[in-house]
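A look at the structure
Residue-level listing of the chains:
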Amino acid sequence: MSLLHMNGVLWSLLYQSAAGTSLGETMEKIGDFLTSPAFKAILIVLGILLFFVILIKIYGSLRASRLNRIEYERTFTEVGVYEGEEVELIETVRNTGFFPLLMVDIESYFFNELELEEYEADPGSTMQYVVSRFNLWPYMQIKRHHKLTAKQRGHYKFQVATIYGKKGPIPMEAPAELYVYPKAIPLNLRNMAVGRMQGEFISHRPLFTDPFSLAGIRDYRFGDPVSQINFKASARVPMTGFNASPLKVNARDYCASRRLMIYMNFHLAMGSKIDGKQYNLRAEKGLSFCAALVRDAVYEGFAVGFAANCKTMDGEMSTRFDCDSSNAHLITILMEMAKMNPTDGASFASILERDIREGMRDTEIIIIAFETQEEVLDRIDTLEQLGNSVQVIILEEEEESYGG
């Protein structure tokens, strides 16, 4: 018998009592109903409902106390990526107890500059609000992968995620960080203003070696690429005693030392016609050139250094890396480029003056700047007199389209 039918029976008894049925007959009918299978069914249904209500209350209380035991962490598949590339963020959630935890919502905010795949960000918000729901059975671990596209250079840090429990939000420390390096844009020297800020092109030390420009044979040194080994010359080396250099490599014209120093000058003279928007666009373009130069030079076996007169996150007025050729050195430079704030810092002439005092020699120097500065010309002349070659690249107005 359905609950609707049982309800109808009760109303019928009351109606008959009101219509003049004697009290004894009414009580007899009520007694018959209370001993009927229908009433027993009602009691069973009500008991089951009460049982489930109690279970839900108990589960809610236990769930609230067990949410604090959830382990949650976030990691990126890469330490850093170049602007425009994809990377994965991996969420790992663990239920460390026997109690099942269902419909666990973990909420966090994502930077708009890290675009989530298949997620439409709110254009009116500076952050993306993201909720990940997990159903965790006893001792279960779940890993969830999110694809992100790095849309803008920067250093992005995630700190706290939130679970909403019975007593309110439960913050969880879930640190993760991603470096977005400048987009690596190779230099097209034919379309750039190259020279000593006066138009002439005076490099005798090309960045990439000519495979046919041999200057002789020399001993192998640590860091020499395998492609430069001269196996015929190495085979003629006597094998008597302990030879310190059993391998011989081809010595190239002009680039035997393979040293490259890259400078970027963020200074803008008073009265310049470059406005703030143009400045930022050209700064990003210049950093993209620097990133490509550093990356390609390290891959070619050069010892590469980088210096710039911009303010850093640590409060310094400039940044500098001496020449080195390891992949770790490359990553360190790119990480610093990701964090750089494109604003004028120390005097650029003083940065060049330091290398002059330290006697920099036999180095190919590339300077990327916004405009010509007379105070820098004397330092460039001195660097050339020390045996270095200098190229100056002026960021032009056509670079304003960068970043679209």
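The following refers to the structure shown. Not measured: the values here are computed from a predicted model.

Some words on the overall build of the protein
Of regular secondary structure, the protein possesses eight helices and 17 strands. Taking as baseline every contact in the protein between residues at least 6 positions apart, the subset at least 24 positions apart corresponds to 75%.

Considering the sheet that holds strand β9 (residues 168-181)
With mixed pairing, the five strands of this open sheet are ordered in space as β2-β9-β8-β4-β6. Edge positions in the open sheet fall to β2 (80-82) and β6 (127-136), since each of these has one partner strand only. The sheet shows a mean angle of 30 degrees between the axes of neighbouring strands, direction not considered. Across the sheet, helix α6 (residues 327-339) lies against β2, β8 (154-165) and β9, angled at about 115 degrees from β9, the strand it touches most.

What about helix α5 (residues 276-299)?
Between its terminal C-alpha atoms α5 stretches 35 Å, which fits the 34 Å expected from 24 residues at 1.5 Å a residue. Where burial is concerned, most of α5 is hidden: 19 out of the 24 residues are buried. Phi turns positive, to about 90 degrees, at G301, one or two residues after α5.

Here we look at the sheet that holds strand β5 (residues 114-116)
What holds strands together in a sheet is hydrogen bonding between their backbones, with the strands either parallel or antiparallel. Read across the sheet, four strands follow the order β1-β3-β7-β5 without closing on themselves; strand pairing throughout is antiparallel. The open sheet has two free edges, formed respectively by β1 (70-76) and β5, since each of these has just one partner strand. On average, adjacent strands in this sheet sit at an angle of 30 degrees to one another, irrespective of strand direction. Bridge count for strand β3 (residues 86-95) against strand β7 (residues 141-150) is nine bridges, and the pairing is antiparallel. Bridged to L89 within β7 is H146.

Things to note about the pairing of β6
Burial along β6 is one-sided: the face carrying Q128, V130, S132, F134 and L136 is buried and the face carrying M127, Y129, V131, R133 and N135 is not. Inspection of the sheet shows strand β4 (residues 101-111) paired to β6 by nine bridges, in the antiparallel sense. In the sheet register, L101 faces β6, and the bridge partner there is L136.

A few points about the packing of α5 against α6
Direction vectors running N to C along α5 and α6 enclose 175 degrees, while the axes themselves pass 10 Å from each other. It follows from the interaxial angle that α5 and α6 lie roughly antiparallel. Contacts between α5 and α6 involve L287, C290, A291, V294, R295, V298 and Y299 from the former and N327, L330, I333, L334 and M337 from the latter. Residues of the contact of α5 with α6, tallied by class, amount to ten nonpolar, one polar and one charged.

Here we look at the side chain of E336
Note on placement: E336 falls in helix α6. Of the residues examined, E336 reaches a relative accessible area of 14% and is grouped as buried. Ignoring sequence-local partners within four residues, the contact set of E336 consists of T312, T319 and F321.

Observations concerning the environment of Q278
Considering the arrangement of structural elements, one finds Q278 in helix α5. You can call Q278 buried: its relative accessible area is 16%. For the pair formed by Q278 and E396, sequence separation is 118 residues and the distance between their alpha carbons is 9.9 Å.

Reading guide: rules and limits
Residues numbered from 1 in each chain as written. Predicted model: local features only at pLDDT ≥ 70, side-chain atom pairs only at ≥ 80, totals over all residues. Heavy atoms only, no water. Helix = DSSP H or I, 4+ residues; strand = E, 2+ residues; numbered from the N terminus. Contact = heavy atoms within 4.5 Å. Pairing = 2+ DSSP bridges. Axes fitted to C-alpha atoms, helices over the stretch in contact; angles between N-to-C directions. Expected span 1.5 Å × (residues − 1). Buried < 20%, exposed > 50% of the residue type's maximum accessible area, 1.4 Å probe, protein only. Parallel < 35°, antiparallel > 145°, perpendicular 65-115°, else oblique. Nonpolar A, V, L, I, M, F, W, Y, C, P; charged D, E, K, R; others polar.

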